[in-house]
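Below, each chain spelled out in residue letters.
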Amino acid sequence: MQLCEAGAITLTAAPNPVPVGQTGLWTILSQPTGTSNATLTNATSPDATFNIGSTSKYGLYLLKWTLTNGSCVQGDEIRIENFQTPTIANAGADVTVCPPTVKMAANTPTVGQGMWTLVSKTPTTLPNPTIQNPQLATTDITGIDASGSYTFRWTISNGPCTVSTDDIVINVPDQIPTPAVAGIDQVICNGTATNVTGNTPIIGLGQWSKTAESPYSVFSPATGTTPATTVLSISPGTYNFIWTITSGQCISRDTVKVTNQALPSQANAGPDQNVCQFSPVNLNAVAPTSGTGTWTQVSGPTTVNFISPNSPTSQVTGTSLGQYRFRWIVSTGIGNLNDCQPSADEVVVDILQAPTAAVAGASQTICEGSTLTMAANTPTFGTGTWSRVSGP
């Protein structure tokens, strides 16, 4: 048997009374674990009283009624399950929502099992919504339609105990607006105006706005309620324009990103250079104030490596004898077809053979008036030139 909040139970064994010459006895075979302390009163009577204890009293009890007649013994068992009163149901406060989905906010039972059910809908012609997980206190309910209301019931039950229920009314006064579509993101070069084109709402009213971090701009028409709107007075920077369609308290939003690139600085790769072989090669471009500079190799006898490709003074390694041409490209682009045209300039770097080591010859002593014949080495690479360092 299943009972709710049971205390003392009168048992009803048979036969009753116990036949003459026989004896009967009630025994407790098992009871809930913990500190359960059930007892029996008048255990030899078919009508014994089973006393459920005051601690750990909820759960399953197994009792046995045994009849003994000499060496003959017969018994029968009974199951008694005692349930606790369920948690008081709280379905949450009545709410006004936008279709088509609402998330419920009932209490989670500590005792018992909860269950959501639809009680009523007004008007009755509304389609039936779908309770996604009826046993979950915070389930989503989908298929909520506009211009009506729904009553849902949160029921907490536990065995034969009286259930606890609470109702919530979901009001849906407004239709869901047409989903907002703000258009595709844009990249423009040094523009002063651009056009944004949202979709035309079938349900609801549209409104353009921009995020707080977007630079200054002005809508034309100024109301910003036209799906196709011109944005004036824009400057280089990133804009996020929001197309919002509103139906009562129901809102749909979409954002279009407009990247207005600044013109890149005029590239200046620096003066051409003559560099001796094995000497460091350091480039000397002008740092851009707008955009990012990048070094690339145009030509040369070997493929070089730029230590800092985006630095105007990058060092170059991997050179050998010969002439190299390097390009300094300044760009504000992001790899889009509508990027601003980058600015470029080139520098020529000649890597020269190191001259033959100079040998001036041995020091000489001559008589006054004599002719001095120098005996320096003839250079294999380079041109030799004499100059006076000191003397009268």
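Our subject is the structure that appears above.
Residues numbered from 1 in each chain as written. Predicted model: local features only at pLDDT ≥ 70, side-chain atom pairs only at ≥ 80, totals over all residues. Heavy atoms only, no water.

Draft legend 1. Representation of the environment of Leu-60 in the model. Along the polypeptide, Leu-60 turns up in strand E6 (residues 59-69). A C-alpha to C-alpha distance of 8.0 Å links Leu-60 and Ser-30, two positions 30 residues apart in sequence. Leave out the neighbours within four places in its chain, and Leu-60 touches Ser-30, Gln-31, Pro-32, Arg-79, Ile-80 and Glu-81. (Helix = DSSP H or I, 4+ residues; strand = E, 2+ residues; numbered from the N terminus. Contact = heavy atoms within 4.5 Å.)

Draft legend 2. Main features of the sheet that holds strand E5 (residues 49-51). The three strands lie next to each other as E2-E5-E4, forming an open sheet whose pairing is antiparallel. At either margin of the open sheet sits one strand with a lone partner, and together these are strand E2 (8-10) and strand E4 (39-41). Here the strands of the sheet are splayed against their neighbours by 25° on average, with no regard to which way each runs. (Pairing = 2+ DSSP bridges. Axes fitted to C-alpha atoms, helices over the stretch in contact; angles between N-to-C directions.)

Draft legend 3. Local environment of the sheet that holds strand E11 (residues 130-131). Strand order in the open sheet made by the three strands is E9-E12-E11, with antiparallel pairing throughout. For this open sheet the edge positions go to strand E9 (101-103) and E11, each flanked by a neighbour on one side alone. Two elements, E9 and strand E12 (residues 140-142), share three bridges in a ladder whose sense is antiparallel. Pairing of Thr-101 across the sheet is with Thr-142, part of E12.

Draft legend 4. Representation of unusual backbone geometry within the structure. Cis rather than trans, the peptide bond between Ala-14 and Pro-15 has omega equal to 0°. When you line up the elements, Pro-15 lands in the loop between E2 and strand E3 (23-30). For the bond running from Thr-122 to Pro-123, omega is 0°, close enough to zero to count as cis. Here Pro-123 is to be found in the loop between strand E10 (113-122) and E11. Of note in the backbone geometry, Phe-278 takes a positive phi value of approximately 75° without being a glycine. Position of Phe-278 among the secondary structure elements: in the loop between strand E22 (273-276) and strand E23 (281-282).

Draft legend 5. Quick look at the side chain of Gln-261. Counting through the fold element by element, Gln-261 comes out in strand E21 (residues 250-261). At 2.6 Å, the side chain of Gln-261 forms a polar contact with the side chain of Asp-339. Each residue touching Gln-261, except ones within four places of it in the same chain, is listed here: Val-187, Ile-188, Cys-189, Asn-190, Pro-236, Thr-332, Gly-333, Ile-334, Asp-339 and Cys-340. (Polar contact = N/O pair within 3.5 Å; in protein donor to acceptor, adjacent residues only side chain to side chain.)

Draft legend 6. Main features of the pattern of salt bridges. Per the counting criterion, the structure on display carries five salt bridges. A salt bridge links Asp-167 to Arg-153; the shortest N-O distance between them is 2.7 Å. Remark: Arg-153 occurs in strand E13 (residues 148-157) and Asp-167 occurs in strand E14 (residues 164-172); sequence separation between them is 14 residues. Residue Glu-346 pairs with Arg-327 through a salt bridge whose shortest N-O separation is 2.4 Å. On the criterion of sequence distance, the pair formed by Glu-346 in strand E28 (residues 343-352) and Arg-327 in strand E27 (residues 322-331) is long-range, its members being 19 residues apart. Arg-327 sits in the partly exposed class, given a relative accessible area of 29%. Connected via shared salt-bridge partners are Arg-325, Arg-327 and Glu-346. (Salt bridge = Lys/Arg side-chain N within 4 Å of Asp/Glu carboxyl O. Buried < 20%, exposed > 50% of the residue type's maximum accessible area, 1.4 Å probe, protein only.)

Draft legend 7. Main features of the nonpolar core. Ranked by internal contacts, the top residues of the largest apolar core, which has 19 residues, are Met-104, Trp-116, Phe-152, Trp-154 and Ile-170. Listed by contribution, the elements that provide at least two residues to this core are E13 and E14. Within the second largest apolar cluster, 17 residues are counted, among which are Val-281, Ala-285, Trp-295 and Tyr-324. (Core = buried A, V, L, I, M, F, W, Y, C linked by side-chain atoms within 4.5 Å.)

Draft legend 8. A look at the packing of aromatic side chains. The final tally for this structure, using the stated rule, is eleven aromatic pairs. Taking the centre distance of 6.2 Å and the plane angle of 15° together, the rings of Tyr-150 and Phe-152 count as stacked. Since its relative accessible area comes to 0%, Phe-152 is described here as buried. Taking the centre distance of 5.5 Å and the plane angle of 80° together, the rings of Phe-306 and Phe-326 count as edge-to-face. With a gap of 20 residues between them, Phe-306 in strand E25 (residues 305-306) and Phe-326 in strand E27 connect regions that are remote in the sequence. Judged by relative accessible area, which is 11%, Phe-306 ranks as buried. These aromatic residues form a ring-pair network of at least three members: Trp-295, Phe-306, Tyr-324, Phe-326 and Trp-328. (Phe/Tyr/Trp six-rings, centres within 6.5 Å; stacked < 30°, edge-to-face > 60°.)

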